[in-house]
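# A structural walkthrough
Chain by chain, the residues:
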Amino acid sequence: MGMCMCTFCCPSILVGGTLVASLPSYCWPKVMLHPAWWGAALVGLFVGLGVYIDLTVKCQEATVRWRGYVPAEGTGIWVNESTFNHSAYPSVDFWFDFSHPGEILVNYTKVDLGYYKPAWSPSPLAYEGGGCWSEGNPVYTEQGFFAAVFLGGSSSLLLVALAVWLVKMTLGSCCGRPLKAEPAQVEPQVEELGNVP
C-alpha cells in the first residue's frame, strides 16, 4: 500500500502545495528568492528522494513471489481424467496440460521453480500487483505517505521559486512589486569653490 499511497498522494500534494506556497508571492515575492526558501526546498526534496528510494527497495522485497512447481521431465503417468477416481485418492496431486487434452498427470516428481524477485526500478509501476500496491496489505503505508509529502511539498516550493525567478529575469516585477534592486538615484553634488582668482 505504501507505493500506491506515494503514487496517488504526491500529485495532489504538489498541486495543493503550489497553490499554498504561491500565496506569499502576492505580498512578498522576494521571499521566494531568498536562499533559505531554496535551501528548505532542496533539503525536503533530498529527504523525499531518500525515503522514496528506501521504499522502492522495500517494495522490491515485498513483491517476491513463489513461481510454483512443475512435474519433473519423464516422471508420472498420464491417465484419463474422466475415469480417474479423485475421491479414492484425495491427497494425490495431479497436473493437467493443454498438450494432453482430457488427461491428467499423476504420480510425478515435483520440481520447485523457486521465487521470482523483480529487478529494482525507480518506477512505482514496477511493483504493481505486489504487497506495496494491495489495499488489503497495509505494508509501508506511512512511509509512502511521508515520501509523497516530502516530494510533493518540496517540489511545490521549488516550482513557485522557479516561477518567481523567471518572472524576475523577464519582467522584473511580480504583482506590482519590483524584484530587481533599483539603482539608487544619486544627485550630482556641486561644490562651491568660493572666489577663485
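Cut-offs applied
Residues numbered from 1 in each chain as written. Predicted model: local features only at pLDDT ≥ 70, side-chain atom pairs only at ≥ 80, totals over all residues. Heavy atoms only, no water. Helix = DSSP H or I, 4+ residues; strand = E, 2+ residues; numbered from the N terminus. Buried < 20%, exposed > 50% of the residue type's maximum accessible area, 1.4 Å probe, protein only. Contact = heavy atoms within 4.5 Å. Areas by Shrake-Rupley, 256 points an atom, 1.4 Å probe, with all protein chains shown as cover. Patch = residues over 30% accessible without salt bridge, like charges linked within 9 Å, V, L, I, M, F, W, Y side chains within 5 Å. Salt bridge = Lys/Arg side-chain N within 4 Å of Asp/Glu carboxyl O.

Below, the discussion takes up the overall build of the chain. The helix and strand inventory of the chain stands at three helices and nine strands. The buried share of the chain, reckoned over its 197 residues, is 28%. When contacts within the chain are restricted to residue pairs at least 6 apart in sequence, those whose partners lie at least 24 apart make up 78%. Summing over all exposed atoms, the chain offers an accessible surface of approximately 13,100 Å²; the carbon and sulfur share of this is 65%.

Before going further, it helps to spend a moment on the environment of E142. By the element assignment, E142 lies in helix α3 (residues 141-170). E142 gets classed as exposed once you look at its relative accessible area, which sits at 54%. In the structure, E142 is positioned 141 residues away from M1 in sequence and 9.1 Å away in space, judged by C-alpha atoms.

Time to look at a nonpolar patch on the surface. On the surface, L42, F46, L49, I53, V57 and W120 cluster together to form a nonpolar patch covering roughly 550 Å² of accessible area. Its location among the elements puts I53 in helix α2 (residues 35-62). Residue classification places I53 among the partly exposed residues on the basis of a relative accessible area of 44%.

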